[in-house]
Amino acid sequence: MMSGLARFFLPLLLLFFAADASAQMQLAAGAPKVEAQLITEDESVQPGRPFWVALKMNIVPDWHVYWRNPGDSGMATHIAWNLPAGVEVGPIVWPTPQRIEIAPLVNYGFSDQVLLLTQITPPDDLTDSTLQLRAKADWLVCHEVCIPESATLELDLPVTMDVPLKGAWSSAFTATRKKVPQEFKGNVVVAKKSDQDFTVTLRDLPLSSVETPVEAYFFSGDGSLVTHKMNHEFIQSGRDFTITVPYNTTTVDHPDHIEGDVWVRTTQNDYSFAIDTQFAVPPAPPQQAVTKAPAPAVGIGLFKSFLLAFIGGILLNLMPCVFPVLSIKALGLVQKAQHGDRRGIIVGGLVYTAGVLISFALLGALLLVVKTGGHNVDWGMQLQSPLFVTLMSLVLFLIGYTLIGAITFGGNMMGIGQSLTHKAGHAGTFFTGALAVVVATPCTAPFMGGALFYGFTQPWYIAISVLLALGFGLALPYLLICFFPGALRFLPKPGIWMEHFKQFLAFPMFAAAIWLIWVLGQQVGADGVLRALSAMLIVAFALWVWRSIQRDTHQNAWHYCKAFIVAMCILYVVSLMYDQSQLLTQAAITTTAEDKAQFEPFTPARLAQLRTENKPVFVNMTAAWCITCLVNERTALSTPEVKKFFADKNIVYLKGDWTNRDPAISAFLQEHGRNGVPLYAFYAPGQEAKILPQILSAKQIITDLTVKPSPIQTP
């Protein structure tokens, strides 16, 4: 807590903190963190008989060294041998590593103590009385900083013609071999499941009848193949064990085989199996045939996609995430109408529309660039970035700060606030349109989902056109009011109420900022919220200092001092933003114990298992930043009648949390013709998914889910 308060009030000590950090790094680098030595399993060496040596590494607490694939960062330990002529040396035999999570990275390595085994074979004609082993070992050891270390090692072993006896370290070698993955004796099937993940199936897994797997992970030998930070889902069916592994979607070419360690923890033991095999087509799962429907929305056609996008854009104006921005624009329209600025109203309507359309076009171009890079494009994907959410909350906070009159720019609020609402030029009007687009992205209005999915399955010019249709629908209500003077007669006359109304509009901005801070808490926890609130406080302080500079006409030296304080505050906020960009944890939407009892977390493996068991399943794809999702959960899905209906019909409720990016959920959305949340899908036994509307009611859910399923079709 004290360190958090220090981050609030001591931005001027940044140089001190940097110097202190540098001193700590020098101190850390001063003492070796790993004690390394060569040890042997046998007391002596027999000519022609292989024997084992090990690089024994004792690592100081809280530090770690790396596996052969270090994960998201790091460097594997390397041994360079200098041996007599004729002596052969094998590769390092690696134990199964630990997952070392340093958000947002996941590394593979070892802590405390590790033995890296190597087999050495002396020549048959070895006549020396002593075999001299020389090696240079290099490694990277890390905690909060990483330090490269090395050691030159020696080991002299007597040569004897008798069978060597076990030495003092033989028990350590035996214990290490238990941690080394064993070659899997059964059948291994590796298959590409989708562009997002693949499966590894171990058939005839050697488990006893009382053992149940509780955790599993695939440690890939190829560092570019998988996404290390993602959890790996698994299913056990009899003695067959299948683990689903997420691809690293930035990898351009996937290899035709995989190699690595499959680690399985059961209720009784830990197992580790080494696999190296080709990709294959898995056999069809032993489940009942289901009807196969084409992917929805893909074939809706160009005209229908334009129409649906246009209607969805109009409905976006009714979404609560757009309301604060439109309220600001409404205030400016009232003032212009009462001043008789007819031409300014029309031009303002066109400028606002241009701001909306250009912003949607730029958003579409950005999404297409992301898509070209091999990633999925999704509606609202920017809100999965803690940095973007923080910046948006800061912008809305600043708008509210200016609207309430706490700060002015240039005497007439030409900056964030007044320029959006008064007749001070069209730049503010254009910016209002852009801001409306930004704050609309968390919302998904009815009809939008299918149109956007269709657009981004087509060439770039169609994708941009669909987004422009959406933008025109968003801008149309305001544009119509500007072009038809009859509607202006219903606007109230100006007066002191306008100043109070302008100040009142600050509170929807503050409310939106608070909501975004809550979203941030779902993404990165309390540390991220602390950084965002720190940024708000420092920005408010900098604005207060800047305002005092404007009012003070004397003491130039004091002006420079204040300007320096403002500059330091800005630099501090930039550093907070950088810290925020480094934070990303998999955090679930906050739920009560009752909610958790109602649903299970969505995973593709769990859905497949339930469908194999012919159970009805309801899938809810949601996110903390999706207002439509939250409203549906409060007003429909969490109502007593829906809960009772699910319980009576034995419907399994799966909830997928897309607050942070999740490749499995992205793939599920794409499969069902959507680029964003919410998505509600119901699977009746033996049937494909039935997609529910994006705006739900309890009555509608019960009606849609009680429709008698169609007969099962068999091939």
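Each value, and the rule that gives it
- Residues numbered from 1 in each chain as written.
- Predicted model: local features only at pLDDT ≥ 70, side-chain atom pairs only at ≥ 80, totals over all residues.
- Heavy atoms only, no water.
- Helix = DSSP H or I, 4+ residues; strand = E, 2+ residues; numbered from the N terminus.
- Buried < 20%, exposed > 50% of the residue type's maximum accessible area, 1.4 Å probe, protein only.
- Contact = heavy atoms within 4.5 Å.
- Areas by Shrake-Rupley, 256 points an atom, 1.4 Å probe, with all protein chains shown as cover.
- Pairing = 2+ DSSP bridges.
- Axes fitted to C-alpha atoms, helices over the stretch in contact; angles between N-to-C directions.
- Expected span 1.5 Å × (residues − 1).
- Disulfide = S-S within 2.5 Å.
- Phe/Tyr/Trp six-rings, centres within 6.5 Å; stacked < 30°, edge-to-face > 60°.
- Salt bridge = Lys/Arg side-chain N within 4 Å of Asp/Glu carboxyl O.
- Arc of directions from axis to C-beta.
- Core = buried A, V, L, I, M, F, W, Y, C linked by side-chain atoms within 4.5 Å.
- Polar contact = N/O pair within 3.5 Å; in protein donor to acceptor, adjacent residues only side chain to side chain.
- Parallel < 35°, antiparallel > 145°, perpendicular 65-115°, else oblique.
- Left-handed = near helix turned anticlockwise from the far one by under 90°.
- pLDDT = per-residue confidence, 0-100.

Could you give an account of the overall build of the chain, naming the residues involved and the relevant values?
Check the secondary structure of the chain and you find 20 helices and 23 strands. When each of the 715 residues of the chain is scored for burial, the buried share is 49%. Within the chain, residue pairs in contact and separated by at least 24 positions form 75% of the contacts whose partners lie at least 6 positions apart. Of the roughly 33,600 Å² of accessible surface on the chain, 62% is carried by carbon and sulfur atoms.

Give a detailed account of the sheet that holds strand β4 (residues 78-82), specifying residues and quantitative values.
Taken in spatial order, the three strands line up as β4-β9-β10 in an open sheet, and their pairing is antiparallel. Among the strands making up the open sheet, the edge pair consists of β4 and β10 (146-158). Put simply, the sheet's adjacent strands are angled 15° from each other on average, direction ignored. Strand direction decides the pairing type here: strand β9 (residues 130-142) and β10, joined by 13 bridges, are antiparallel. From the neighbouring strand, Leu131 faces β10, where its bridge partner is Leu157.

Describe in detail helix α7 (residues 386-403), supporting the description with residues and values.
Over its 18 residues, α7 extends 26 Å from the first C-alpha to the last, a length consistent with the 26 Å expected when each residue adds 1.5 Å. The element α7 is extensively covered by neighbouring structure, given that 14 of its 18 residues are classed as buried.

Lay out the state of the cysteines in plain terms, naming residues and giving numbers.
What the rule picks out here adds up to one disulfide. One disulfide in the model links Cys142 with Cys146; its S-S distance is 2.0 Å. Since a negative S-S torsion denotes a left-handed disulfide, the Cys142-Cys146 link at about 120° is right-handed. Residue classification places Cys142 among the buried positions, given a relative accessible area of 1%.

Residues and numbers for the packing of aromatic side chains, please.
Counted according to the given criterion, the structure contains 18 aromatic pairs. Summarising the aromatic geometry, the rings of Phe234 and Phe241 are spaced 5.5 Å apart at their centres and angled 25° between planes, so their arrangement reads as stacked. Looking at Phe234, the relative accessible area reads 25%, which means it is partly exposed. Phe241 sits in the buried class, given a relative accessible area of 1%. Arranged with centres 5.9 Å apart and planes meeting at 25°, the rings of Phe310 and Phe472 form a pair that is stacked. One end of the pair, Phe310, is in helix α4 (residues 302-316); the other, Phe472, is in helix α11 (residues 460-483), with 162 residues separating them in the sequence. Taken together, the aromatic side chains of Phe599, Phe618, Phe645, Phe646, Tyr653 and Tyr680 make up a single cluster linked through ring pairs.

Can you tell me about the sheet that holds strand β17 (residues 257-266), naming the residues and giving the values?
With mixed pairing, four strands are arranged side by side in an open sheet as β11-β18-β17-β14. Edge positions in the sheet fall to β11 (182-183) and β14 (213-220), since each has one partner strand and no second. Bridging between β17 and strand β18 (residues 270-278) involves nine bridges; their strand directions are antiparallel. By the bridge assignment, Ile258 is partnered in β18 with Thr277.

Mind laying out the pattern of salt bridges, listing which residues take part and the relevant values?
For the structure shown, the criterion picks out 18 salt bridges. Between Glu41 and Arg177 there is a salt bridge, with the nearest N and O atoms lying 2.8 Å from each other. Residue Glu41 is located in the loop between β1 (34-40) and β2 (51-59), and its partner Arg177 is located in helix α3 (residues 170-177); the two are separated by 136 residues in the primary sequence. A salt bridge links Arg68 to Asp261; the nearest nitrogen and oxygen atoms lie 3.9 Å apart. Of this pair, Arg68 sits in strand β3 (residues 65-71) while Asp261 sits in strand β17, and the two are 193 residues apart along the sequence. Given the relative accessible area of 29%, Arg68 is considered partly exposed. Given a relative accessible area of 3%, Asp261 falls into the buried group. Through salt bridges with shared partners, a single network forms among Glu41, Asp42, Arg49, Lys166 and Arg177.

Outline helix α18 (residues 640-648), listing residues and values.
Among all positions of α18, only Val642, Phe645 and Phe646 are buried. Buried residues of α18, viewed axially, fall in a sector of 100°; they line one side. In α18, those exposed residues whose orientation departs by more than 90 degrees from the buried face are Pro640, Lys644 and Ala647. Where α18 ends, the next residue or the one after it, Asn650, has phi of about 55°, a positive value.

Give me unusual backbone geometry: which residues, what numbers.
Of note in the backbone geometry, Asp112 takes a positive phi value of approximately 65° without being a glycine. Residue placement: Asp112 occurs in the loop between β7 (105-110) and β8 (113-121). With a phi close to 55°, Asn650 is a non-glycine residue in the positive phi region. By secondary structure assignment, the location of Asn650 is in the loop between α18 and β21 (652-657). The exposure class assigned to Asn650 is exposed, which follows from its relative accessible area of 59%.

Could you give an account of the nonpolar core, naming the residues involved and the relevant values?
Core analysis: the largest hydrophobic core is formed by 37 residues, its most contacted members being Phe51, Leu55, Met57, Val65, Leu133, Trp139 and Val141. Sort the elements by how many residues they give to this core and β9 lands first, with six residues. When neighbours within four sequence positions are excluded, Leu133 is seen to be in contact with Phe51, Val53, Asn82, Leu83, Ile120, Leu153, Glu154, Leu155, Asp156 and Leu157. With 27 residues, the next largest nonpolar core counts Ala506, Leu516, Ile517 and Val519 among its residues.

Outline the side chain of Thr96, listing residues and values.
Its place among the elements puts Thr96 in the loop between β5 (88-89) and β6 (98-102). At 2.4 Å, the side chain of Thr96 and the side chain of Ser272 are in polar contact. Leaving out residues up to four positions away in the same chain, Thr96 has contacts with Phe110, Lys179, Pro181, Phe219, Asp261, Trp263 and Ser272.

Summarise the packing of α18 against helix α20 (residues 698-705); cite the residues concerned and give the values.
One can describe the packing of α18 onto α20 by two numbers: an axis separation of 9 Å at closest approach and a directional angle of 20°. On the basis of their axis angle, the class for α18 and α20 is roughly parallel. Crossing of α18 over α20 shows left-handed handedness. For the pair formed by α18 and α20, the contact residues are Glu641, Val642, Phe645 and Phe646 on the first element and Ala698, Ile701, Ile702 and Leu705 on the second.

Tell me about the confidence of the model for the chain, and name the residues and values.
Residues with a pLDDT of 70 or more make up 68% of the chain, whose mean pLDDT is 74. Confidence over residues 282-299 falls short of pLDDT 50; this stretch has 33 contacts with residues more than four positions distant or in other chains. Counting interchain partners and residues more than four positions distant, the pLDDT-below-50 stretch residues 409-424 has 39 contacts.

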